[in-house]
Each structure stands twice: as structure tokens, then as C-alpha cells.
Amino acid sequence: LKLNKHVGVGAVQSQMDSNPSITSSMIVDLNNVIDDEGVDSQEFAALCDEGFDAVIMANTIDFLNHPREVFKSSWRALKPGGIMIVPFLAKDAYVDKFEEAFTKQWRDMSDDQHMWVCGSFFQFSAGEGWEGLKGFDISPFDARKE
């Protein structure tokens, strides 16, 4: 995927620095939110005002305490017709590194439940605004669990 502009937003600058496709980045605490509004950051709000063709929230949802507000901010960041992609780790992936960081809700659910809950964050963040919602497993075939 070749992008003209790829802005990294996250909590760990070194992780963003290691991604060669990121053209600029900012540290934002996505768990610092204003209820029913979105992420509480003037810099992030200004970034969202620029309008993006796509938001890719990779390996983030499992660490969010207030995902609905983060999805609201993402909705506002998208241009009309823009897309949002939310890939997330399987429940058992990297447990040794991230188990303490995963939210309790995420740790206690199955991967199928993760997909349903993720879909609800879309529905309850912008309601009818999201179009063509789809959920599917993109993990390698030999890594899938029955």
C-alpha cells in the first residue's frame, strides 16, 4: 500500500520510528478521552480536521479503555467515502508481552467475540454513518483456530 501521507498516531515513538512507511507521527494517549466526544487532544483534533482517505487502527483496539470515543474521532478524521480498517491480534498472540496491557474485556473474550464487539464500536460511534461494515479473519490459514 503506497500512500502520499501516512501519519502514525500512538503511544510509543520508537515503534512508529521503526515503520518506514510513516511520513510523520505524534504521541497521543488514546485512553484520554472526553465521554461522547472523542480523544482529548488538540493536536489530534487538528490532525482529524485534515481529512484522511483511510484510518488503519492496527493492534490498538485491544488496549483501549474507551474505544467508542476513539472510533468517533476516527470517524471525524475520514473524508466522505473513507474507510477504516481495524486489524487486531488473536487472543493468544504475544500473551507473554502484552497480557497486562490488554484490557480485561479483551483478555476475557474469544476471537469471535472480539469481532462482534469491534463491530459494535463502529455502530455506536457513528451509527448509520458507517457503511458496508464487514468483518473477516485475515490470519494465515495454518494459524486459524476452529
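Since we're looking at a predicted model, the values are computed, not measured. (Residues numbered from 1 in each chain as written. Predicted model: local features only at pLDDT ≥ 70, side-chain atom pairs only at ≥ 80, totals over all residues. Heavy atoms only, no water.)

**Notes on the environment of Met-57**
Note that Met-57 resides in the loop between β5 (52-56) and α3 (67-77). A residue is classified by how much of its surface remains accessible, and Met-57, at 6% relative accessible area, is buried. C-alpha separation for the pair Met-57 and Pro-87, spaced 30 residues apart in sequence, amounts to 6.8 Å. The residues contacting Met-57, other than those within four sequence positions of it, are Leu-64, Val-70, Phe-71, Ser-74, Met-84, Ile-85, Val-86 and Pro-87. (Helix = DSSP H or I, 4+ residues; strand = E, 2+ residues; numbered from the N terminus. Buried < 20%, exposed > 50% of the residue type's maximum accessible area, 1.4 Å probe, protein only. Contact = heavy atoms within 4.5 Å.)

**A few points about the packing of aromatic side chains**
Within the structure shown, the criterion is met by four aromatic pairs. Relative to Phe-122, the ring of Phe-71 has its centre 4.9 Å away and its plane inclined at 85°; by these criteria the two rings are edge-to-face. Placement of Phe-71 in helix α3 and of Phe-122 in helix α6 (residues 111-126) is noted, with a sequence separation of 51 residues between them. Given a relative accessible area of 0%, Phe-71 falls into the buried group. (Phe/Tyr/Trp six-rings, centres within 6.5 Å; stacked < 30°, edge-to-face > 60°.)

**Topic: the pattern of salt bridges**
Within the structure shown, the criterion is met by four salt bridges. The salt bridge partner of Lys-5 is Glu-50, with a shortest N-O separation of 2.2 Å. A residue pair is termed long-range when its members are at least 10 positions apart, and Lys-5 in the segment before β1 (7-10) and Glu-50 in helix α2 (residues 42-50) qualify at 45 residues. What makes Glu-50 partly exposed here is its relative accessible area of 46%. Between Lys-79 and Asp-53 there is a salt bridge, with its nearest N and O atoms 3.6 Å apart. Of this pair, Lys-79 sits in strand β6 (residues 78-85) while Asp-53 sits in strand β5, and the two are 26 residues apart along the sequence. Via salt bridges that share partners, Asp-36, Arg-68 and Glu-69 belong to a single interconnected network. (Salt bridge = Lys/Arg side-chain N within 4 Å of Asp/Glu carboxyl O.)

**Some words on a nonpolar patch on the surface**
Together, Ile-56, Ile-83 and Ile-85 make up a nonpolar patch on the protein surface, roughly 260 Å² of accessible area in all. By the element assignment, Ile-56 lies in strand β5. (Patch = residues over 30% accessible without salt bridge, like charges linked within 9 Å, V, L, I, M, F, W, Y side chains within 5 Å. Areas by Shrake-Rupley, 256 points an atom, 1.4 Å probe, with all protein chains shown as cover.)

**Comments concerning α3**
Think of an α-helix as 3.6 residues a turn; residues three or four steps apart then line up on the same face. Taking burial as the measure, the 11 residues of α3 include eight buried ones, the bulk of the element. Those residues of α3 not exposed but buried are Pro-67, Glu-69, Val-70, Phe-71, Lys-72, Ser-73, Ser-74 and Ala-77. Those residues of α3 that are buried lie in contact with β3 (33-34), β4 (38-39), α2, β5, β6 and α6.

**Observations concerning the nonpolar core**
Across soluble globular proteins, nonpolar side chains have a tendency to be buried as a group. Ranked by size, the top nonpolar core spans 27 residues in total, and within it Phe-71, Met-84 and Val-86 carry the most contacts. Going through the elements one at a time, α2, β5, α3, β6 and α6 are the ones with two or more residues in this core. Those residues in contact with Val-86, other than ones at most four positions away along the chain, are Met-57, Ile-61, Phe-71, Cys-118 and Phe-122. (Core = buried A, V, L, I, M, F, W, Y, C linked by side-chain atoms within 4.5 Å.)

**Topic: the confidence of the model for the protein chain**
In low-pLDDT segments, the atomic positions of the prediction should not be examined closely. Per-chain confidence: the protein chain averages 82 in pLDDT, with 84% of residues scoring 70 or above. Across the protein chain, the secondary-structure element scoring lowest on mean pLDDT is helix α4 (residues 95-98), at 59, and the one scoring highest is strand β2 (residues 24-27), at 92. (pLDDT = per-residue confidence, 0-100.)

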